[in-house]
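This is what each chain is made of:
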Amino acid sequence: MEKKLGFGLMRLPSLDPNDAGKIDLEQTKRMVDMFIDRGFTYFDTAWMYCEFKSEEAVKEVLMSRHQRDAFTLTTKLHSGFIKTLEDRDKVFDEQRRKTGAEFFDYYLIHDVNSHSIKIYDELDCFGWLQEKKKKGDVNHIGFSFHDSPELLDKVLTAHPEIEYVQLQINYLDWNSAGVRSRECYEVATKHGKPVIVMEPVKGGMLANVPPEIEKLFKTYAPEASIPSWAIRFAASQENVFKVLSGMSNIEQLDDNTSYMQDFKPINEEEQKLIDQAVEILNKNIAIPCTACSYCTPGCPMNIAIPKYFSLYNSEARRKETGGWSVHYAYYDNLTTQFGKASDCIGCGQCEGVCPQHLPIIENLKEVANKFENGGN
């Protein structure tokens, strides 16, 4: 039986914590080797991952070092980088050059939503992708999706040729009124489309849970890691055939592969504990950012948006109220390399590409008030 864990190449280990493009290739090689040695095969990358360097890393750490039939490779076409019909092939050909792949096992139209679908339809990207499959340039076609179940139903009805859908699924978003993971999953299932899961740990948020949740989980299963609860929850959904984890170091990969080699679905008692964890988390999260960093490459003020949101969330979870904390020092240090939150000019490019549809401009004002003006 094919293993359900996939290696997401979006958060690779970096030699510089402030530059995702400086990938630690030697550590990544060890991670790739361990992943394949343990019987896992699925690798997922995209045009803009790791400051546009992830696809190049694929060639060095995977393609040039392992037999092509030892793994499956996925990449994607993003609406933000195509303006003309010709741009579709320009991107695709460059992706083949960067990865060294003659073909892709899976190819996705990236981040279909109410804005991007207009571009994809105007440039006939769904028809273009079908042609790629007919030519043998890709084996399987699908799309990733960040929007409402109503739009998902509409897109799948219009494009029955699509073979699978990649959705954001984790136990926090499962019944979320904003993300609506469960409803989207049910739409994909209704259309008979298998699901690939992205953000099962919600950008690390479900790996670094409040102490009361950690105690809850550890009391039940002392040896199980905190992230394992999130990844197993996603993998336990019947129509899920792959769960992607953006692993950033060899320790994370070692942990994930250890319990996913012989995967055991979440049982009823574990589900009740997860439900309790969701109640606790919903009281603790200020800004539900997953740190995908789609917002940062186009920011004219070079604002480290996900990093600032992470500090803001950490500060919000602090039990002590008021006064200085170490998060202020981290914020000040980052502003020597990046624009401040208050430097935001409100251009809105970040909100246009945010998969979580966050009110980033308003959130940055809150960050600025907290860390620059001493707000409480």
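Above: the structure in question.
So, here is what we can say about the structure in this document.

**Notes on the overall build of the protein chain**
Broken down by element type, the protein chain carries 16 helices and 10 strands. Relative to a compact globule of 376 residues, whose C-alpha radius of gyration would be 21 Å, the protein chain shows 20 Å and is just as compact. The C-alpha extent of the protein chain, read off along each of the three principal axes, is 65 × 50 × 45 Å. Within the protein chain, the proportion of its 376 residues that are buried is 53%.

**A few points about helix 7 (residues 149–158)**
Buried within helix 7 we find Pro149, Leu151, Leu152, Val155 and Leu156. All buried residues of helix 7 fall inside an arc of 155 degrees around its axis, so they share one side. Of the exposed residues in helix 7, the ones pointing more than 90 degrees away from its buried face are Lys154, Thr157 and Ala158. In the core, the buried residues of helix 7 are packed alongside strand 6 (104–112), helix 5 (116–122), helix 6 (125–135), strand 7 (138–145), strand 8 (164–168) and helix 8 (181–190).

**Observations concerning the packing of helix 1 (residues 25–37) against helix 3 (residues 54–63)**
Taken N-terminus to C-terminus, the directions of helix 1 and helix 3 make an angle of 55 degrees; their axes are 9 Å apart at the nearest point. On the basis of their axis angle, the class for helix 1 and helix 3 is oblique. Along this stretch, helix 1 crosses helix 3, giving a crossing that reads as right-handed. Seen from helix 1, the contacting residues are Leu25, Thr28, Lys29, Val32 and Ile36; seen from helix 3, they are Ala57, Glu60, Val61 and Leu62. A class-by-class count of the residues in the contact of helix 1 with helix 3 yields six nonpolar, one polar and two charged.

**Describing the environment of aspartate 121**
With respect to the element layout, aspartate 121 can be found in helix 5. You can call aspartate 121 partly exposed: its relative accessible area is 45%. Residue contacts for aspartate 121: discarding those within four places in its chain leaves Phe126 and His159.

**A word on the packing of aromatic side chains**
The full count for this structure, using the stated rule, is 25 aromatic pairs. For the ring pair phenylalanine 52 and phenylalanine 81, a centre distance of 5.6 Å and an interplane angle of 90 degrees mean the geometry is edge-to-face. Of this pair, phenylalanine 52 sits in helix 2 (residues 49–52) while phenylalanine 81 sits in the loop between strand 5 (72–78) and helix 4 (85–99), and the two are 29 residues apart along the sequence. Summarising the aromatic geometry, the rings of tyrosine 220 and tryptophan 229 are spaced 5.9 Å apart at their centres and angled 70 degrees between planes, so their arrangement reads as edge-to-face. Classification of tyrosine 220 as partly exposed rests on a relative accessible area of 31%.

**Some points on the pattern of salt bridges**
Per the stated rule, a full pass over the model turns up 25 salt bridges. Two residues, glutamate 2 and lysine 242, come together in a salt bridge whose shortest N-O distance is 2.7 Å. On the criterion of sequence distance, the pair formed by glutamate 2 in the segment before strand 1 (5–8) and lysine 242 in strand 10 (residues 240–245) is long-range, its members being 240 residues apart. A relative accessible area of 48% means that glutamate 2 is categorised as partly exposed.

**Considerations on the sheet that holds strand 1**
In space, the eight strands of this closed barrel follow the order 1-4-5-6-7-8-9-10, with parallel pairing throughout. Across the sheet, the mean angle separating the axes of adjacent strands is 30 degrees when strand polarity is ignored. Relative to strand 8, strand 7 runs parallel, the two sharing four bridges. Directly across from phenylalanine 143, in strand 8, lies its bridge partner valine 165. Most of the contacts of helix 4 go to strand 6, to which it runs at about 130 degrees, and overall it touches strand 5, strand 6 and strand 7. Across the sheet, helix 10 (residues 226–235) touches strand 1, strand 9 (195–198) and strand 10, and the angle it forms with strand 10 is around 155 degrees.

Parameters at a glance
Residues numbered from 1 in each chain as written. Predicted model: local features only at pLDDT ≥ 70, side-chain atom pairs only at ≥ 80, totals over all residues. Heavy atoms only, no water. Helix = DSSP H or I, 4+ residues; strand = E, 2+ residues; numbered from the N terminus. Rg over C-alpha atoms; globule rule 2.2 N^0.38 Å. Buried < 20%, exposed > 50% of the residue type's maximum accessible area, 1.4 Å probe, protein only. Arc of directions from axis to C-beta. Contact = heavy atoms within 4.5 Å. Axes fitted to C-alpha atoms, helices over the stretch in contact; angles between N-to-C directions. Parallel < 35°, antiparallel > 145°, perpendicular 65-115°, else oblique. Left-handed = near helix turned anticlockwise from the far one by under 90°. Nonpolar A, V, L, I, M, F, W, Y, C, P; charged D, E, K, R; others polar. Phe/Tyr/Trp six-rings, centres within 6.5 Å; stacked < 30°, edge-to-face > 60°. Salt bridge = Lys/Arg side-chain N within 4 Å of Asp/Glu carboxyl O. Pairing = 2+ DSSP bridges.

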